[in-house]
Amino acid sequence: MRGSTMSSHPSSLRQSRISVKAALHSEREAPGLRLCGWVRTLRHGKETTFLELNDGSCLASLQVVVEAASPAAAEVAGIGTGACLEVTGDLVPSPAAGQRWELRATAIRLLGGADADYPLQKKRHSLEFLRSIAHLRPRSNTFGALFRVRNALAFAVHCFFQERGFLYVQTPIITANDCEGAGEMFRVTTLDPLAPPLHDGAVDWGQDFFGEKTGLTVSGQLQAELFATAFGDVYTFGPTFRAENSNTSRHVAEFWMIEPEMAFADLSDDCALAEEFLRYMVRHALEHCAEDLAFFNDRIEPGLIGKLEQLVRSEFRTLTYTEAVDLLRKSGESFSFPLGWGLDLQSEHERFLTEKIVGGPVFVTDYPAEIKAFYMRQNDDGRTVAAMDLLVPRVGEIIGGSQREERLDFLRRRMAELGIAPESLSWYLDIRRWGSCPHAGFGLGFERLLMYVTGMENIRDVIPFPRTPGNAKF
RNA sequence: UCCCCAGUAGCUCAGUCGGUAGAGCAGGUGGCUGUUAACCACCGGGUCCGUGGUUCGAGUCCGCGCUGGGGAGCCA
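(A) Fine view of the overall build of chain A. Regarding its fold elements, chain A presents 14 helices and 18 strands. With respect to the three principal axes, the spread of C-alpha positions in chain A is 85 × 60 × 45 Å. Per-residue burial for chain A yields a buried fraction of 49% across its 474 residues. Taking the contacts inside chain A whose residues are at least 6 apart along the sequence as the reference set, 66% of them involve residues at least 24 apart. Approximately 22900 Å² of chain A is accessible, and the part contributed by carbon and sulfur atoms is 52%. Of note, chain A has its 50 positive side-chain charges centred 6 Å away from the centre of its 62 negative side-chain charges.

(B) Summary view of the sheet that holds strand 13 (residues 254–263). One open sheet holds the 8 strands; their spatial order is 6-12-13-18-17-16-15-14, and the pairing between them is mixed. Looking at the sheet topology across the chains shown, the edges are occupied by strand 6 (167–168) and strand 14 (317–320). Pairing between strand 16 (residues 384–392) and strand 17 (residues 396–403): 6 bridges, direction antiparallel. Of the residues in strand 17, the one forming a bridge with Leu390 is Ile399. Docked against the sheet, helix 5 (residues 141–163) engages strand 6, strand 12 (233–241) and strand 13, running at close to 150 degrees with respect to strand 12. Packed on one face of the sheet, helix 10 (residues 321–330) meets strand 14 and strand 15 (362–368) and runs near 90 degrees to strand 14.

(C) How the structure looks around the sheet that holds strand 5 (residues 101–112). Spatial strand order, 1-2-3-5-4: 5 strands in a closed barrel with mixed pairing. The average undirected angle you get between the axes of adjacent strands in this sheet is 55 degrees. Pairing analysis gives 10 bridges linking strand 4 (residues 84–93) to strand 5, with the strands arranged antiparallel. The partner of Leu85 across the bridge, within strand 5, is Leu110.

(D) Highlighting a nonpolar patch on the surface. Where nonpolar side chains cluster on the molecular surface, the patch consists of Ile173, Ile174, Phe209 and Phe210 and spans about 380 Å² of accessible area. Locating Ile173 in the fold gives a position in the loop between strand 6 and strand 7 (174–175). Taking relative accessible area as the criterion, Ile173 reaches 34% and is therefore assigned partly exposed.

(E) Inspection of the protein's contact with RNA strand B at higher detail. The environment of RNA strand B is made up of 51 residues, and the closest members are Gly45, Lys46, Ala97, Glu102 and His251. The share of sugar and phosphate among atoms of RNA strand B within 4 Å of the protein is 52%. Between RNA strand B and Gln99 there is a distance of 2.9 Å, counted from a base oxygen to a side-chain nitrogen or oxygen. Residues belonging to the surface near RNA strand B are distributed by class as follows: 14 nonpolar, 21 polar and 16 charged.

(F) Up close: the confidence of the model for chain A. A residue-level look at chain A finds 96% of positions with pLDDT of 70 or above and a mean pLDDT of 91. Within chain A, strand 6 carries the highest mean pLDDT (98), whereas helix 1 (residues 10–16) carries the lowest (69). If you check the scores for this complex, the pTM reads 0.93 and the ipTM reads 0.88.

(G) Representation of the pattern of salt bridges within the structure. On inspection of all chains with the given rule, the structure shows 25 salt bridges. Notably, a salt bridge pairs Glu261 with Arg404, separated by 2.9 Å at the nearest N-O pair. A residue pair is termed long-range when its members are at least 10 positions apart, and Glu261 in strand 13 and Arg404 in the loop between strand 17 and helix 12 (408–418) qualify at 143 residues. Judged on exposure class, the residue Glu261 and its partner Arg404 are both buried.

(H) Structural view of the environment of Cys159. Within the fold, Cys159 resides in helix 5. Its relative accessible area of 19% is what places Cys159 among the buried residues. Between the C-alpha atom of Cys159 and that of Met388, which follows or precedes it by 229 residues, the distance is 24 Å.

(I) Layout of the pairing of strand 2 (residues 48–54). Of all 7 residues making up strand 2, 5 are buried, and the element is well covered by its neighbours. Pairing analysis gives 6 bridges linking strand 1 (residues 30–44) to strand 2, with the strands arranged antiparallel. If you follow Trp38 over to strand 2, its bridge partner there is Asn54. With 6 bridges joining them, strand 2 and strand 3 (residues 62–67) adopt antiparallel strand pairing. Across the sheet, the residue bridging to Thr48 is Glu67, located in strand 3.

(J) Fine view of unusual backbone geometry. Phi at Asp200 takes a positive value of approximately 55 degrees, unusual for a residue other than glycine. Tracing the backbone through its elements, the reader meets Asp200 in the loop between strand 9 (198–199) and strand 10 (202–203).

(K) Expanded view of helix 8 (residues 290–299). Residues of helix 8 that are buried: Asp292, Leu293, Phe295 and Phe296. Viewed end-on, helix 8 has its buried residues packed into an arc of 150 degrees, placing them on one side of the element. On its buried face, helix 8 is in contact with helix 5, helix 7 (267–288), helix 9 (304–313) and helix 14 (446–454).

(L) Looking closely at the environment of Ala195. Relative to the assigned elements, Ala195 resides in the loop between strand 8 (187–188) and strand 9. In sequence terms Ala195 and Thr248 are 53 residues apart; their C-alpha atoms lie 35 Å from each other.

(M) How the structure looks around the packing of aromatic side chains. Considering all chains together, one arrives at 21 aromatic pairs under this definition. With centroids separated by 5.1 Å and ring planes inclined at 90 degrees, the aromatic side chains of Phe160 and Phe277 adopt a geometry described as edge-to-face. Remark: Phe277 occurs in helix 7 and Phe160 occurs in helix 5; sequence separation between them is 117 residues. Grouping residues by exposure puts Phe160 and Phe277 together as buried. Where Phe160 meets Tyr280, the ring centres are 5.1 Å apart and the plane angle is 70 degrees; that geometry is what we call edge-to-face. Of this pair, Phe160 sits in helix 5 while Tyr280 sits in helix 7, and the two are 120 residues apart along the sequence. Here Phe160 matches Tyr280 in class, with each residue buried. Lying over the aromatic face of Tyr452, Lys307 brings its terminal NZ or CZ to 3.9 Å of the ring centre. Positioned above the aromatic ring of Tyr428 is the side chain of Arg432, whose terminal nitrogen or guanidinium carbon lies 4.0 Å from the ring centre.

Parameters at a glance
- Residues numbered from 1 in each chain as written.
- Chains lettered and ligands numbered in written order.
- Predicted model: local features only at pLDDT ≥ 70, side-chain atom pairs only at ≥ 80, totals over all residues.
- Heavy atoms only, no water.
- Helix = DSSP H or I, 4+ residues; strand = E, 2+ residues; numbered from the N terminus.
- Buried < 20%, exposed > 50% of the residue type's maximum accessible area, 1.4 Å probe, protein only.
- Contact = heavy atoms within 4.5 Å.
- Areas by Shrake-Rupley, 256 points an atom, 1.4 Å probe, with all protein chains shown as cover.
- Lys, Arg positive; Asp, Glu negative; His and termini not counted.
- Charge placed at Lys NZ, Arg CZ, Asp CG, Glu CD.
- Pairing = 2+ DSSP bridges.
- Axes fitted to C-alpha atoms, helices over the stretch in contact; angles between N-to-C directions.
- Patch = residues over 30% accessible without salt bridge, like charges linked within 9 Å, V, L, I, M, F, W, Y side chains within 5 Å.
- Salt bridge = Lys/Arg side-chain N within 4 Å of Asp/Glu carboxyl O.
- Near = heavy atom within 4 Å.
- Polar contact = N/O pair within 3.5 Å; in protein donor to acceptor, adjacent residues only side chain to side chain.
- Nonpolar A, V, L, I, M, F, W, Y, C, P; charged D, E, K, R; others polar.
- pLDDT = per-residue confidence, 0-100.
- Arc of directions from axis to C-beta.
- Phe/Tyr/Trp six-rings, centres within 6.5 Å; stacked < 30°, edge-to-face > 60°.
- Lys NZ or Arg CZ within 6 Å of the ring centre and 35° of its normal.

Now the structure itself:
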């Protein structure tokens, strides 16, 4: 730092400041504390002004008491909700109900004012409105709680895998595979959109930056498989992109996916890992995010904590696809979509399975080969593959995985049936050619996990700045 | 992309049979009060999403469009 104009520069603030969370957890009175944060609400009186200061360190705000006689009073005279303050004062037991500690201000400095147009008011706002002010919604109770839980679970993902010896691999964001069948890709190109080079009337992708047609990844799985055949157990955790024109509460164009891949593992190992993973995430949230989860339990999904505690204790059910279809048939429920062996389970079927028949998470395994991807291992019955979906109430499919086809001839035959050119995936086939091994993995949508853990019902409300068709604001 | 619903003050909403706009919160002023979604009184605040039509007259009825939400498909 240089220059006398920086005498009140932020670094000195930073060194002396303590968080609201630390203040609220204090064991004793503490004079001369300094805090910085944003005013959630304030109540002016003749003798006293009360304001609630929140700095995102926890859900609760700290009540700051400003006596009219104090020099701090002048500074808060004209401020409104949303203003940013530096507050110095003494932490003392609060004489009134509602909070254990409060800060009696001795000095206040306005760092950033907020006028009456500040959109976040001290009232309940709709999630739709908050979505339209995504740059400000982290300052609300719901989104404050949400992004603290998101942070805790992102960290827990790494803890879980690192504790078990999985290698974290960063698979590419830009990729040339477009035959995975996982969804439409966003195109990545440096060609002039108004005058692309042409060859035989079509765009000549050979002249593009990478010398071939490329896009943003729809899955890191194929590359994770390559690493699994060198390191055994690996995982990815990164952004994933789908250019589908999906308009639902469960889909976004950019999301974060967790994809473990295990060598020397079959489908039951895969299910076991998924179950252990989900239980670990939920236990981590219960242990580290108690205050925020209590908020979600009260305001977002009544019974949420009970549901999560139940999940930690119970074993997940597993049904084969064939059993699931039978159970749905025998349920007597009338569905609007047809049900039959060989047909894909519709959302209404999946929801009925997990919410009504099982009443909790359920694996559905061994789907007909025709409705699943080319890389899934073919079962001995000749008509099903070793696939699994994990379904949970309210969210639906949260995990999709499989044992991979490790037998070169089986994989080649399946690709030929589906018209996938072997040259385009020669490296993928090479893994089966030299030192192939049984392996399995799954993909888990991080945002869907957050929906399940917090009870939030729209995926756009569990990611900082959601990307959906027609919307890439912020 | 398809089906359904909605759009009125900064926010949440009401608005009857088609007759020209209302409340609470927020803001301003004053009062009162260890308050805590504070309270009381008064004041300011409107492109009724846009556009075209029906009508003497449209927030209200009809067409088209835009935006948002719910559901479906695709999936994580």
